[in-house]
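Overview (structure and organization)
Okay, here's what each chain looks like letter by letter:
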Amino acid sequence: MLHKNAVEFSTYESTQIALDVASAMEYLHAQSPPIVHRDIKSHNVLKSYNGSFKLCDFGLVKNKNATAGTPCYMAPELLSNKYFNKSVDVYSFGILVCEIFDGKLPFHMVGVSDIVTRVLDGERPPVPTTAAGCPERTQRLIERCWSQIPEDRPDFSQVVDELIAIADETPQTKYSEQHASSSVDALDQLFHK
């Protein structure tokens, strides 16, 4: 779990985390038939021994119940119990990337019924700002990922390509290098309570 006051990341670190998850999803969606994860969220991202980030918890892959999942990360079509496809993972990924850059849980302290109403009405968490370290290209990517219309969401191949381009134009620093007063190695604390 990400907490704004406990852990922070440089723009490059945040982009790399997003790229690791997107690459995993690109692989899963390329399978025949595609593997739809349906529960992409910070609690299901783990840091491996080599420093890369891995996606876990595939418990909803075979679950046909559209309303199963974590409401604050669920696409509108899941919350309204409608037909869904692999684009629901892209939606959840957009919410996750917002959380990675912002450090705040989406719809924190909002009840499930309110989340459903808000998301179905088109409301999303605030997009992280450039001042918060979120590049404009990443802001646009987040908004494309969580589009209300599933067909308007990019696929993970497009997401990976965009994140690679963003990483290539981002200085490769750690948060602690940008903020010398920070003694916390943010990568060692990612997604831990």
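All values reported here derive from a predicted model rather than from experimental measurement.

It is worth spelling out the state of the cysteines at this point. Applying the stated criterion across every chain yields a total of zero disulfides. Take Cys134: it sits in no disulfide, and the sulfur closest to it among the cysteines is that of Cys98, at 7.7 Å.

A separate point is the confidence of the model for the chain. Residues of the chain with pLDDT of at least 70 account for 81%, and the chain-wide mean is 84. Of the regions scoring below 50 in pLDDT, residues 1-6 engages in 21 contacts with residues more than four places distant in sequence or in other chains. Low pLDDT, under 50, characterises residues 179-188; the predicted model gives this stretch 15 contacts beyond four residues in sequence or across chains.

Moving on to the environment of Phe107. Along the chain, Phe107 falls in the loop between helix H3 (87-102) and helix H4 (112-120). Overall, the relative accessible area of 10% leaves Phe107 in the buried class. Between the alpha carbons of Phe107 and Tyr73 there is a distance of 9.1 Å; along the sequence they are 34 residues apart. In this view, Phe107 contacts Cys72, Ile115, Arg118, Val119, Glu123, Arg124 and Pro125; residues no more than four positions away in its chain are not counted.

In a regular helix each residue adds 1.5 Å, so 16 residues correspond to 22 Å; H3 covers 23 Å between its end C-alpha atoms and thus fits that length. With 16 of 16 residues buried, H3 is to be regarded as a mostly interior element. Once H3 finishes, Gly103 follows within two positions and takes phi at roughly 80°, a positive value.

Contact geometry of helix H5 (residues 136-145) with helix H6 (residues 156-168) gives a least axis separation of 10 Å together with a crossing angle of 165°. In this view, H5 runs roughly antiparallel relative to H6, as classed from their interaxial angle. Of the two elements, H5 crosses H6, and the hand of that crossing is left-handed. On H6, the residues touching Arg137, Thr138, Leu141, Arg144 and Cys145 of H5 are Gln158, Val159, Glu162, Leu163, Ala165 and Ile166. When its residues are assigned to classes, the contact of H5 with H6 shows six nonpolar, two polar and three charged.

The subject of this paragraph is the packing of aromatic side chains. For the coordinates displayed, the defined rule picks out one aromatic pair. Arranged with centres 5.4 Å apart and planes meeting at 75°, the rings of Phe93 and Phe156 form a pair that is edge-to-face. Placement of Phe93 in helix H3 and of Phe156 in helix H6 is noted, with a sequence separation of 63 residues between them. For Phe93, a relative accessible area of 0% puts it in the buried group.

Rules used in this analysis
Residues numbered from 1 in each chain as written. Predicted model: local features only at pLDDT ≥ 70, side-chain atom pairs only at ≥ 80, totals over all residues. Heavy atoms only, no water. Disulfide = S-S within 2.5 Å. pLDDT = per-residue confidence, 0-100. Contact = heavy atoms within 4.5 Å. Helix = DSSP H or I, 4+ residues; strand = E, 2+ residues; numbered from the N terminus. Buried < 20%, exposed > 50% of the residue type's maximum accessible area, 1.4 Å probe, protein only. Expected span 1.5 Å × (residues − 1). Axes fitted to C-alpha atoms, helices over the stretch in contact; angles between N-to-C directions. Parallel < 35°, antiparallel > 145°, perpendicular 65-115°, else oblique. Left-handed = near helix turned anticlockwise from the far one by under 90°. Nonpolar A, V, L, I, M, F, W, Y, C, P; charged D, E, K, R; others polar. Phe/Tyr/Trp six-rings, centres within 6.5 Å; stacked < 30°, edge-to-face > 60°.

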